[in-house]
Amino acid sequence: MRSSVRVRVLPFIVTLGLVLAACGSQQTSPSASGGSSAQPSSNAEGGTVRIGIGGAPDSLNPGLGELSEAYTLYELVYDTPINISNEGKYEPELAKSWEVSDDGLTWTLEFVDNAKFHDGTPLTSADVKFTLELYRDTEEFPYLSSYPDVFKKIDAPDSTHVVIHLSSPVGNFEYRMAFMYILPKHIWEGVDPTSFKNQEMIGSGPFKMVENKRGQFTRLAANKDYWQEPPHVDGVIFQTIKNADARVAALTNGDVDMVTEFPPTAVPSLQNAENVKLAITDPVSGSLRDVFFNLVDPADCPPKDADVPGKCTGHPALRDLAVRKAMAMAVDKEQIISVAQLGLATPGLTLVPVGLGAFYADDVTDYKFDVNAANAALDTAGYKDTNGDGIRECLPTQKCPTGDLTFRFFYPTDIDTAPREAELLEGMWKAIGIKINIQGIDSDTLIPICCPGFDYDIILWGWGSDPDPAFLLGVPLCSEVDTGFNETGYCNPAYDKLYEQQGVETDYATRVGLIHQMQKQLVDDVVYLVPYYQKQLQAYRTDRYTGWWGGATSWGLEDPSSLTVIRPVQ
């Protein structure tokens, strides 16, 4: 998932813990739709939680969602067979238990018998079977179709059991089931899943959809008939506040009760704000900032009859590995972390964050920051600045739009620190004769430009990782270029073979070795530059609700682990 950071989902790095700020007076704030919001009642039940977010969900259809704001809603509105705790452990949710056959090819799950959808219809194994088959068979789904891709046959022998037959053994079955948002068969079986808007969002989760005004707010109501313990609040409003300063001000002024993201520069003021508590944690899986290149040769452009036909306008010089290596050597990651993140990050390497433990390739060497070596490499590759304007010219064989190494550089406007990071990269690359023209673009607009449009040169974005590396390492596959999941157009059969091998490898140590090889391949080919792995910065008011998650790692305070347990302050 690309996060605002594009979804992509969560490192166990060293935590900074929770920083306590002073307490003060309570204030009343308007709701997202203009009315006054409910205040905490004296019996510690009720109230509507207002959460300020920088972006907005791009789709209410779980199969089509790409941004983190959408997946926040899916987690609240739907249940999954298996849950992942804030400690990163797999635990029962809809599935009470599960077991695998000796040959690793058959998994049997037993489901609860008291779960109901929001419209009162019982949730049974038929819904689970339907959902898994829908995700598996709908190739147009950008993310969720990859989780059940090895589920060859799915049986529902009775109302509470599901038997899944795999085409090959896998070493990450629980992980695959943790993102299977169970849909009501009686609603979805009669619609086209690739165009279904899913405005009512009928699920079985702890919250129900009430109203969604795209780009403005989303209102959820507590599911008081939830099959597990229902939330103690009456509802939640996610209000889009695009400006970071306005988002922080909304929290300190009492207009919202929690904010999901803000730039590190806001940390000092929030530490000193009355009635505000700052949470600086490590996301459960890892979150990263990435800079990626358009590597698609126009001759290999995605089909013109695709939903978003490929334009493939990437600068030809970026397809030269020598250029990308020089750009990698010119990036001072420590400076980006210090200036843009105020030190609240860890230097990045690949698409696998440090938080994934043994899967992170700590045996792979990154490119050393060395401007002189970068300039020498470009000189050797034949990129000269013959007219003395400070920008190197392209090679005679390249058909460059401007004749030199001037690249379009895009970033999504909902990343608060992106403008500063872009400026830093601009200066670093200027030192080696490369110019970038920087442009901030709304996330919804940037997605089709990116992939599979390939109508860009360089993009700065971010990913939130799953607890297993298979998700993000599946992005650079050849087979995902046409789907748009592969954002760079990178295609390497050797990489694809390693991915296939790790997918069926059940020996943990062997699988770890294969995943390390894949990361080395990505670094060697400079498919991505990963400046850093992020900390998760959030904050909430202490005079409104109590019980927010306070551990060292977290899915986020907007996760059910907080929103289902918080209570109004008496």
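Residues numbered from 1 in each chain as written. Predicted model: local features only at pLDDT ≥ 70, side-chain atom pairs only at ≥ 80, totals over all residues. Heavy atoms only, no water.

Undergrad: Break down the packing of aromatic side chains for me, with residues and values.
TA: Following the criterion strictly, the structure yields 26 aromatic pairs and no others. The interplanar angle of 70° and the centroid separation of 6.3 Å between the aromatic rings of Y175 and F179 together place this pair among those described as edge-to-face. Summarising the burial analysis for this pair, Y175 and F179 share the class buried. Ring-pair connections join several aromatic residues into one group, and the members of that group are Y71, Y74, Y143, Y147, Y175, F179, Y181, W463, F471 and F485. (Phe/Tyr/Trp six-rings, centres within 6.5 Å; stacked < 30°, edge-to-face > 60°. Buried < 20%, exposed > 50% of the residue type's maximum accessible area, 1.4 Å probe, protein only.)

Undergrad: Could you give an account of the environment of V291, naming the residues involved and the relevant values?
TA: Turning to its location among the elements, V291 is positioned in strand β14 (residues 287–293). Taking relative accessible area as the criterion, V291 reaches 1% and is therefore assigned buried. Taking the C-alpha atoms as reference points, V291 and W461, 170 residues apart in sequence, are found 6.4 Å from one another. Sequence-distant contacts of V291, that is, excluding residues within four places in its chain, are made with F409, L425, W429, I458, I459, L460, V527, Y528, L529 and P531. (Helix = DSSP H or I, 4+ residues; strand = E, 2+ residues; numbered from the N terminus. Contact = heavy atoms within 4.5 Å.)

Undergrad: Give me the lowdown on the sheet that holds strand β6 (residues 106–111), citing residues and values where you can.
TA: If you walk across this open sheet you meet the four strands as β5-β6-β8-β7, and the pairing is antiparallel. The open sheet has two edge strands with one neighbour each: β5 (95–100) and β7 (151–158). Pairwise comparison of adjacent strand axes, ignoring direction, gives a mean angle of 20° for this sheet. In the packing of helix α2 (residues 125–137) onto the sheet, contacts are made with β6, β7 and β8 (161–166), and the angle to β7 comes to roughly 170°. (Pairing = 2+ DSSP bridges. Axes fitted to C-alpha atoms, helices over the stretch in contact; angles between N-to-C directions.)

Undergrad: So what about the nonpolar core? Which residues, and what values?
TA: Residues I164, F407, W429 and I458 are the most contacted members of the largest nonpolar core, which totals 157 residues. With sequence-adjacent residues up to four places away left out, I164 is seen in contact with L105, T106, W107, L109, L132, F151, K153, I154, F173 and M177. Core analysis: the next-biggest nonpolar cluster, separate from the first, contains 17 residues, V248, L270, L278 and L344 among them. (Core = buried A, V, L, I, M, F, W, Y, C linked by side-chain atoms within 4.5 Å.)

Undergrad: Got a sec to walk through helix α10 (residues 418–430)? Specific residues and values, please.
TA: Taking 1.5 Å per residue as the helical rise, α10 with its 13 residues ought to reach 18 Å, and the 18 Å between its terminal C-alpha atoms agrees with that figure. Among the residues of α10, those classed as buried are A418, E421, A422, L424, L425, M428 and W429. With its buried residues spanning 160° around the axis, α10 presents them on a single face. (Expected span 1.5 Å × (residues − 1). Arc of directions from axis to C-beta.)

Undergrad: Any details on the confidence of the model for the protein chain? Residues and values, ideally.
TA: Confidence in the prediction of the protein chain, expressed as mean pLDDT, is 90, and 92% of residues score 70 or more. This model gives residues 1–42 a pLDDT under 50, and the stretch forms 193 contacts once residues within four places in sequence are excluded. (pLDDT = per-residue confidence, 0-100.)

Undergrad: Break down the state of the cysteines for me, with residues and values.
TA: Joining two cysteines, a disulfide is a covalent bond between their sulfur atoms. In this structure the tally under the stated criterion is four disulfides. The disulfide that involves C450 links it to C451, with 2.2 Å between the sulfurs. Its S-S torsion of approximately 85° makes the covalent link between C450 and C451 right-handed. C451 carries the same exposure label as C450, and that label is buried. Each bonded cysteine of the protein chain gets a number by its place in the sequence, and the pairs then read 1-2, 3-4, 5-6, 7-8. (Disulfide = S-S within 2.5 Å.)

Undergrad: Could you give an account of the pattern of salt bridges, with specific residues and numbers?
TA: In total, this model carries 21 salt bridges according to the counting rule given. For R392, the salt bridge is made with D379, and the minimal N-O distance between the two is 2.7 Å. With a gap of 13 residues between them, R392 in the loop between α9 (371–381) and β16 (406–412) and D379 in helix α9 connect regions that are remote in the sequence. The exposure class of D379 is partly exposed, given its relative accessible area of 36%. The partner of R420 in a salt bridge is E423, with the nearest N and O atoms 3.3 Å apart. (Salt bridge = Lys/Arg side-chain N within 4 Å of Asp/Glu carboxyl O.)

Undergrad: Kindly report on the packing of helix α7 (residues 321–329) against α9, identifying the contributing residues and their values.
TA: Running from N to C, α7 and α9 cross one another at 165°; their axes reach a closest spacing of 8 Å. Of the possible angle classes, the one that applies to α7 and α9 is roughly antiparallel. Once α7 is placed against α9, the crossing between them reads as left-handed. Contact residues: A322, V323, A326 and M329 in α7; V371, A373, A374, A377, L378 and A381 in α9. (Parallel < 35°, antiparallel > 145°, perpendicular 65-115°, else oblique. Left-handed = near helix turned anticlockwise from the far one by under 90°.)

Undergrad: Give me the sheet that holds strand β15 (residues 345–347): which residues, what numbers.
TA: Within a beta sheet, neighbouring strands are joined by backbone hydrogen bonds and run either parallel or antiparallel to one another. The mixed open sheet is built from six strands, whose spatial order is β15-β19-β14-β18-β16-β17. Each edge of the sheet is formed by a strand with only one pairing partner; in this case those strands are β15 and β17 (435–441). Shown here is a sheet whose adjacent strand axes are inclined to one another by a mean of 25°, direction ignored. Bridge analysis of β14 against strand β18 (residues 458–464) gives seven bridges, and the strand direction is antiparallel. Looking across to β18, one finds that D290 is bridged to W461. Taken strand by strand, helix α8 (residues 333–340) contacts β15 and β19 (528–534), and its axis lies near 40° from that of β19.

Undergrad: Residue-level account of α7, with values.
TA: Turning to α7, its buried residues are V323, R324, A326, M327, A328 and M329. Against β14, α9, β16, α10, β18 and β19 lie the buried residues of α7. For α7, the N-terminal cap is D320; the gap from its side-chain oxygen to the backbone nitrogen of A322 is 3.0 Å. (Polar contact = N/O pair within 3.5 Å; in protein donor to acceptor, adjacent residues only side chain to side chain.)

Undergrad: I'd like a rundown of the packing of α8 against α10, residues and numbers included.
TA: How two helices pack is summed up by the angle between their axes together with the distance between the axes. Packing of α8 against α10 brings their axes to within 10 Å, and their N-to-C directions diverge by 145°. Our pair here, α8 against α10, has a crossing hand that is right-handed. From α8, Q335, I336, V339 and A340 reach across to α10, where they touch R420, E421, L424, L425 and M428. Of the residues assigned to the contact of α8 with α10, the class counts are six nonpolar, one polar and two charged. (Nonpolar A, V, L, I, M, F, W, Y, C, P; charged D, E, K, R; others polar.)

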